Amino acid sequence: MTENRETQLLADVPDGLFIGGEWRPAAGGATLRVIDPSTGEVVKEIADARAEDGKAALDAAVDAAADWAATPARQRGEILRRAFDLLQERKEDFALLMTIEMGKPLAEARGEVVYGGEFLRWFSEEAVRATGRYGANPEGTGRMIVSQHPVGPCFLITPWNFPLAMATRKVAPALAAGCTVVIKPAELTPLTTLYFVKLLQEAGLPAGVVNVFTTSTSGAVSEPIIRDPRLRKLSFTGSTPVGVKLLEQAAGGVLRTSMELGGNAPFVIFDDADLDKAVEGAMAAKFRNIGQACTAANRFIVHRSVADEFARRVTERVQGFRMGRGTEDGVTIGPLIDDRAVAKAEALVKDAVDRGATLRTGGRRGEGAGTFYEATVVSDVAVGSDILREEIFGPVLAIVPFDDEDEAVRLANDTEYGLVSYVYTESLARGQRMIERLETGMMGLNVGVVSNAAAPFGGWKMSGLGREGGAEGIHEYLQTKYTLTPNPFG
């Protein structure tokens, strides 16, 4: 029954490019294969876009821009709300599709449907709240009008690890603001975006407002779009090196940019922390999405007095995990996305152990088909180890001890990244100090998951620019105009 359901679902997913309101093949009929990482098997072949397809997608977005910008905000919001409602009706299909193409356990995929859907609901409500202001200038000689306007056609590039939420987090505010978009999902997990765009079409979105292409040659197709003077906004979620390259390309057109880049999140546990809560938070912050999240805790910085006990407890929990295909009952650790991800986890753990760290559990590649890597705990990690400098993006929990608050802060901030941090302490004053001292754009204080559609998501330093979600999210897609009029009273 499950196999038949998967076959039918995959057949329902479009295999073409969506340009100007129509599904079409790629230029020359090129296709790419989508792989199930738990089996290594091809699950679907889809269109593989070329540069001319990317241009056609931007052409369609440009042609639709004026009409969509002039569409009343209430109407734009209602389309997003209909999309939200349709997503709720099909939540099981979207969850299963993400598990097939990305590998996450089905329970976590269901959680992503909830999270991703909230961006549709949130920005359906924000669409009517993007207002300006009016008032006299200080001299009393005129009246100031400050108004908000859509920035224009947008190019949205999403990553493979959260196929639905990363699409809704970008598409929803753009549409709410009155912008048209071209979206390029990751080559590894494109099916969810194709299925989502099909849903948007059903929700009543006019032709050309959203266009999507899938491609195996991202740079060759994306760069001409970014350099096209008609494009006015670029939003990217992915690695910092790629983000830097895209910023260089965007500079020529002085594009508005949003960059949600890499992370190296510290998870700091003080000696006065509630250890039961800290362990629960650690499980969520580290192993959610098989550790493949930019918000995943990367460095567990634990006070020396509780480090051994924390390591014992998390090791016990990790040893109870079940690894397997995400559709199987009881699975908590699915596959990593590909062989490169497995090789990276292996190399980071080996480097840490070679430098004196203790391997408490895991540390091995999974047997058989699929790109699996065991959930792993390493303790007493030496400062300078690669695992403390690089984003792991896998189910590896690395523990480094500290002795006092200043050392904890120094270790936490000792990175070029600054996306999110986690702190566990029962001291209100210490918690407040950490808010002010840790160099991250987000922080979880005694909580292990911070993401929420109503909150501004984004980082400091090399972790990016701009914010997604919250009241701030829609303003990334709006530009401000100031108009001065004479004093109406003379």
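Keep in mind that this is a model prediction, so the values were computed, not measured. (Residues numbered from 1 in each chain as written. Predicted model: local features only at pLDDT ≥ 70, side-chain atom pairs only at ≥ 80, totals over all residues. Heavy atoms only, no water.)

Caption draft 1: Highlighting helix 14 (residues 405-413). Counting buried positions along helix 14 yields 7 of 9 residues, so the element is predominantly enclosed. Where helix 14 is concerned, the buried positions are Glu-405, Glu-407, Ala-408, Val-409, Leu-411, Ala-412 and Asn-413. Summarising the contacts, the buried residues of helix 14 are in contact with strand 12 (265-269), strand 13 (297-303), strand 16 (396-402), helix 15 (428-437) and strand 20 (460-461). Capping the start of helix 14, Asp-404 holds a side-chain oxygen 3.3 Å from the backbone nitrogen of Asp-406, two or three residues further along. (Buried < 20%, exposed > 50% of the residue type's maximum accessible area, 1.4 Å probe, protein only. Helix = DSSP H or I, 4+ residues; strand = E, 2+ residues; numbered from the N terminus. Contact = heavy atoms within 4.5 Å. Polar contact = N/O pair within 3.5 Å; in protein donor to acceptor, adjacent residues only side chain to side chain.)

Caption draft 2: Fine view of the sheet that holds strand 22 (residues 478-486). An order of 5-6-22 is seen for the 3 strands of this open sheet, with the pairing classed as antiparallel. Two strands close off the open sheet at either side, each with one partner strand: strand 5 (133-136) and strand 22. For this sheet, the mean angle separating the axes of adjacent strands, direction not counted, is 20°. Relative to strand 6 (residues 142-150), strand 5 runs antiparallel, the two sharing 4 bridges. By the bridge assignment for strand 6, Ala-136 is matched with Arg-143. (Pairing = 2+ DSSP bridges. Axes fitted to C-alpha atoms, helices over the stretch in contact; angles between N-to-C directions.)

Caption draft 3: Main features of the packing of helix 8 (residues 218-227) against helix 9 (residues 240-251). Orientation of helix 8 relative to helix 9, taken along the N-to-C sense of each, is 35°, at an axis distance of 8 Å. For the pair helix 8 and helix 9, the crossing hand works out as right-handed. On helix 9, the residues that touch Glu-223, Ile-226 and Arg-227 of helix 8 are Leu-246, Gln-249 and Ala-250. (Left-handed = near helix turned anticlockwise from the far one by under 90°.)

Caption draft 4: Highlighting the nonpolar core. Ranked by internal contacts, the top residues of the largest apolar core, which has 118 residues, are Val-210, Phe-310 and Ile-387. In terms of residue count, the dominant contributor to this core is helix 6 (residues 165-177) (9 residues). Contact partners of Val-210, with chain neighbours within four places excluded, come to Phe-18, Val-171, Leu-175, Val-181, Ile-183, Val-197, Leu-200 and Leu-205. With 25 residues, the next largest nonpolar core counts Leu-58, Phe-213, Ile-226 and Ala-250 among its residues. (Core = buried A, V, L, I, M, F, W, Y, C linked by side-chain atoms within 4.5 Å.)

Caption draft 5: Representation of the packing of aromatic side chains in the model. All chains considered together, the criterion is met by 11 aromatic pairs. Taking 5.2 Å as the distance between ring centres and 15° as the angle between the ring planes, the aromatic pair formed by Phe-267 and Tyr-424 counts as stacked. Taken together, the residues Phe-267 in strand 12 and Tyr-424 in strand 18 (residues 420-424) connect sequence positions 157 residues apart. Here the two residues Phe-267 and Tyr-424 agree in accessibility, since each one is buried. Summarising the aromatic geometry, the rings of Phe-270 and Phe-402 are spaced 5.5 Å apart at their centres and angled 80° between planes, so their arrangement reads as edge-to-face. Here Phe-402 lies in strand 16 and Phe-270 lies in the loop between strand 12 and helix 10 (275-287), a separation of 132 residues in the sequence. Accessibility classification places Phe-270 together with Phe-402 in one group, the buried group. Taken together through their ring pairs, the aromatic side chains of Phe-267, Phe-300, Phe-310, Tyr-422 and Tyr-424 make up a single cluster. (Phe/Tyr/Trp six-rings, centres within 6.5 Å; stacked < 30°, edge-to-face > 60°.)

Caption draft 6: Spotlight on the sheet that holds strand 12. In spatial order, the strands read 14-15-16-13-12-18-19; together these 7 strands make up an open sheet with mixed pairing. If you trace the sheet from one side to the other, it starts and ends with strand 14 (358-361) and strand 19 (442-445), each paired once. Taken over all neighbouring pairs, the strand axes of this sheet differ in orientation by 20° on average, direction set aside. One ladder, built from 4 bridges, connects strand 18 with strand 19; its direction is parallel. Looking at strand 19, one finds that Val-420 is bridged to Met-442. The strands touched by helix 11 (residues 304-318) are strand 12, strand 13, strand 14, strand 15 (376-379) and strand 16; relative to strand 13, the strand with the most contacts, the crossing angle is about 135°.

Caption draft 7: Broad picture of the pattern of salt bridges. Under the counting rule described, the total for this entry stands at 42 salt bridges. Between Lys-170 and Glu-468 there is a salt bridge, with its nearest N and O atoms 2.8 Å apart. On the criterion of sequence distance, the pair formed by Lys-170 in helix 6 and Glu-468 in the loop between strand 21 (464-465) and helix 16 (470-475) is long-range, its members being 298 residues apart. With relative accessibility at 8%, the residue Glu-468 sits in the buried group. (Salt bridge = Lys/Arg side-chain N within 4 Å of Asp/Glu carboxyl O.)

Caption draft 8: Focus on unusual backbone geometry. Here Val-254, not a glycine, exhibits a phi torsion of approximately 50°, which is positive. By the element assignment, Val-254 lies in the loop between helix 9 and strand 11 (256-260). Overall, Val-254 belongs to the exposed group, its relative accessible area being 66%. Of note, Phe-393 is a non-glycine position whose phi angle comes to about 55°, a positive value.

Caption draft 9: Up close: the packing of helix 4 (residues 91-102) against helix 7 (residues 191-202). The contact between helix 4 and helix 7 brings their axes to 9 Å, and the two run at 155°. Here helix 7 runs roughly antiparallel to helix 4, going by the angle between their axes. Along its contact with helix 4, which presents Asp-93, Phe-94, Leu-97, Met-98 and Glu-101, the element helix 7 presents Leu-191, Thr-192, Tyr-195, Phe-196 and Leu-199. Split into classes, the residues belonging to the contact of helix 4 with helix 7 amount to 7 nonpolar, 1 polar and 2 charged. (Parallel < 35°, antiparallel > 145°, perpendicular 65-115°, else oblique. Nonpolar A, V, L, I, M, F, W, Y, C, P; charged D, E, K, R; others polar.)

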